[in-house]
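Architecture at a glance
Here is what each chain is made of, one letter per residue.
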Amino acid sequence: MSSVTADQVPAIQGHDDHDHRPHGWRRWLFATNHKDIGTMYLLFSFFMLLEGGVLALLVRTELFSPGLQFFQPELFNQFTTMHGLIMIFGSIMPAFVGFANWMIPLQIGASDMAFARMNNFSFWLLPIGAILFTVSFFVPGGANAAGWTMYAPLSLQMGPGMDFTIFAVHILGASSIMGAINIIVTVLNMRAPGMTMMKMPLFCWTWLITAYLLIAIMPVLAAAVTMLLTDRHFGTAFFNAAAGGDPVLYQHVFWFFGHPEVYVMILPAFGIVSSVVPAFSRKRLFGYASMVYATAAIAILSFLVWAHHMFATGMPVTGQLYFMYATMLISIPTGVKVFNWVATMWRGALTFETPMLYAIGFIFVFTIGGFTGLIVAVAPIDIAVHDTYYIIAHFHYVMVAGSLFGMYAGAYYWLPKWTG
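Summarised in this report is the structure supplied together with it. For every chain, the first residue of the written sequence is number 1, and numbering continues from 1 onward in sequence order. A pLDDT threshold of at least 70 governs which residues receive local features in this predicted model, and a stricter bar of 80 or more applies before side-chain atom pairs are shown or counted, although totals over entire chains, interfaces and linings include all residues. Excluded from the side-chain calculation are hydrogens and water; included are all heavy atoms of the structure.

Over its 20 residues, helix H5 (residues 116–135) extends 30 Å from the first C-alpha to the last, a length consistent with the 28 Å expected when each residue adds 1.5 Å. Within the sequence span of H5, burial applies to Asn119, Asn120, Ser122, Phe123, Leu125, Leu126, Pro127, Gly129, Ala130, Leu132 and Phe133. Any two residues having at least one pair of non-hydrogen atoms within 4.5 Å are treated as being in contact. In this description a helix means any DSSP run of H or I spanning at least four residues, a strand means any run of E spanning at least two, and both kinds are numbered starting from the N terminus. Lining the buried residues of H5 we find helix H2 (25–29), helix H3 (34–62), helix H4 (73–108) and helix H6 (161–189). Given the number of residues in a helix, its expected span is that number minus one, multiplied by 1.5 Å. Exposure categories follow from relative accessible area, calculated using a 1.4 Å probe and restricted to protein chains: below 20% of the type maximum is buried, above 50% is exposed, and the middle band is partly exposed.

This is the structure:
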């Protein structure tokens, strides 16, 4: 029998430094391990989903029959506004960052994320933003009631709840930028030998492209809400028409962030579905390279269509035509992806486990969301249905049946891997 001292045993058994992590609350507070941080992101996003869901239930309760039953108009507007902000910045985005933290290092063969402590910091900014959103209900005048888009000039007249919203958006935006930097550096610099870019799982590609989008758009949102802040408190007049400002300028700046943002919320779901569908079709993904190029094309085009949210503001006909055709163009790479998923399933040995059911549901219902978007890309139709439930239905088809179904597919698909 060989003489092995006790302090050599952990090294021989293949233990690593992660086994000497602190336990209890310190493990989570100071977490630098990508799996712990991914878990925290996913748990946070789940609790935010519950809070945003309660707000949605309150909205639907009031809308159950015509007229006002339960809430004052201001409170109802607060519910709709905070439902949108909490679901977007508190639930969907953190959930996908949680998936990224868990899966990207595993899929590219990296030991962890590139910047482990920044990873921890970017997570802990999220609860601060969530607290600001939630506490704003209890300040004088209540939460922000100007809509999740925070349109001026209405948002210039709101109470202190609007300032809470602006501060929360700044903090959550900083978190997103740090998370995006981490993902880009990890994917570009920490791939295992032999893992070329065109061999990466599609989920890594969609997140790499999403991270570039985040770095490009988050400072634009920060600029928009900072101009709101200075208009509200420091006497500037960016959006005050009486003092020579322009309320429509706010819409341009906001939607230059806002449109790529919806792709930030859907591209990671594309990546998840592109992992789940081949697995349960027992086939390789059809058209891998075209999927990568389509994702990149969607991301680039997303910057060129922002004013299709503004057809009702009275832009010139040439502007309407440009944004109409540019918006229709996005449906081409999106259609490429849908056809590739269907082609992957075609003549495959399909089994319908839970992740696959969510993925197939995603493909069908997301396609409806896409088609309704193509319809409202037509400027005359959009002017007629602008600010109606058609628009709300369109983006909920994409956000709920898109992003959320993608998350459910990913959770059911990877939870066995995460939990052993």
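As a further point, take the environment of Lys337. Inspection of the secondary structure assignment puts Lys337 in helix H11 (residues 317–345). C-alpha separation for the pair Lys337 and Val385, spaced 48 residues apart in sequence, amounts to 28 Å. Apart from the residues within four sequence positions on either side, Lys337 is in contact with Phe270, Met291, Ala294, Thr295 and Ile298. At a separation of 3.4 Å, a polar atom in the side chain of Lys337 contacts the main-chain carbonyl oxygen of Met291. Under the rule applied, a polar contact is a pair of N or O atoms within 3.5 Å (in protein, one hydrogen donor and one hydrogen acceptor; residues adjacent in sequence only if both atoms are side-chain atoms).

Okay, the nonpolar core next. Of all hydrophobic cores here, the largest spans 126 residues; its most connected members are Phe89 and Trp207. Of the residues forming this core, the biggest block, 19 residues, is contributed by H4. The nonpolar core is taken to be a set of buried Ala, Val, Leu, Ile, Met, Phe, Trp, Tyr and Cys residues, with the residues joined through side-chain atoms within 4.5 Å.

A carboxyl oxygen of Asp or Glu within 4 Å of a side-chain nitrogen of Lys or Arg is what we treat as a salt bridge. What the rule picks out here adds up to two salt bridges. The partner of Arg27 in a salt bridge is Asp36, and the shortest N-O contact between them spans 2.7 Å. Relative accessible area serves as the criterion here: at 4%, Asp36 is assigned to the buried category.

The next subject is the environment of Lys35. Inspection of the secondary structure assignment puts Lys35 in helix H3. By relative accessible area, Lys35 is classed as partly exposed at 32%. Along the sequence, Lys35 and Leu221 sit 186 residues apart, while their C-alpha atoms lie 30 Å from each other. Ignoring anything within four residues of it in the chain, the contact list for Lys35 reads Trp102 and Leu106.

Another point: the packing of H3 against H5. Fitting a line to C-alpha atoms yields each axis, with helices limited to the stretch in contact; the angle taken between N-to-C directions then spans 0 to 180 degrees. Running from amino to carboxyl end, H3 crosses H5 at an angle of 15°, the nearest separation of the two axes being 10 Å. Between H3 and H5, the angle is such that the two are roughly parallel. Regarding H3 and H5, the two cross each other, and that crossing is left-handed. Residues Ile37, Met40, Tyr41, Phe44, Met48 and Glu51 of H3 pack against Ala116, Asn119, Asn120, Ser122, Phe123, Trp124, Leu126, Pro127, Ala130 and Thr134 of H5. Basically, the charged four are Asp, Glu, Lys and Arg, the nonpolar ten are Ala, Val, Leu, Ile, Met, Phe, Trp, Tyr, Cys and Pro, and anything else, Gly included, counts as polar. Each residue belonging to the contact of H3 with H5 can be placed in one class, and the counts come to eleven nonpolar, four polar and one charged. The scheme is simple: roughly parallel for angles under 35 degrees, roughly antiparallel for over 145, roughly perpendicular for 65 to 115, oblique for anything else. Less than a right angle of anticlockwise turn of the near helix away from the far helix marks a crossing as left-handed, whereas a clockwise turn marks it as right-handed.

Let's shift gears to the packing of aromatic side chains. Any two rings among Phe, Tyr and Trp, with Trp reduced to its six-membered ring, count as a pair given centres within 6.5 Å; such a pair is stacked if its planes are under 30 degrees apart, edge-to-face if over 60, and tilted if neither. Under the defined criterion, the tally for this structure stands at 35 aromatic pairs. On the numbers, 6.2 Å between centres and 50° between planes, the contact of Phe70 with Phe71 is tilted. Judged by relative accessible area, Phe70 falls into the exposed class, the value being 55%. Judged by relative accessible area, Phe71 falls into the buried class, the value being 16%. Ring centres of Phe254 and Trp255 lie 5.0 Å apart, and the angle between their planes is 85°; this geometry places the pair in the edge-to-face category. Taken together, Phe89, Trp148, Tyr151, Phe238, Phe239, Tyr250, Phe254, Trp255 and Phe257 form an aromatic cluster joined through their ring pairs.

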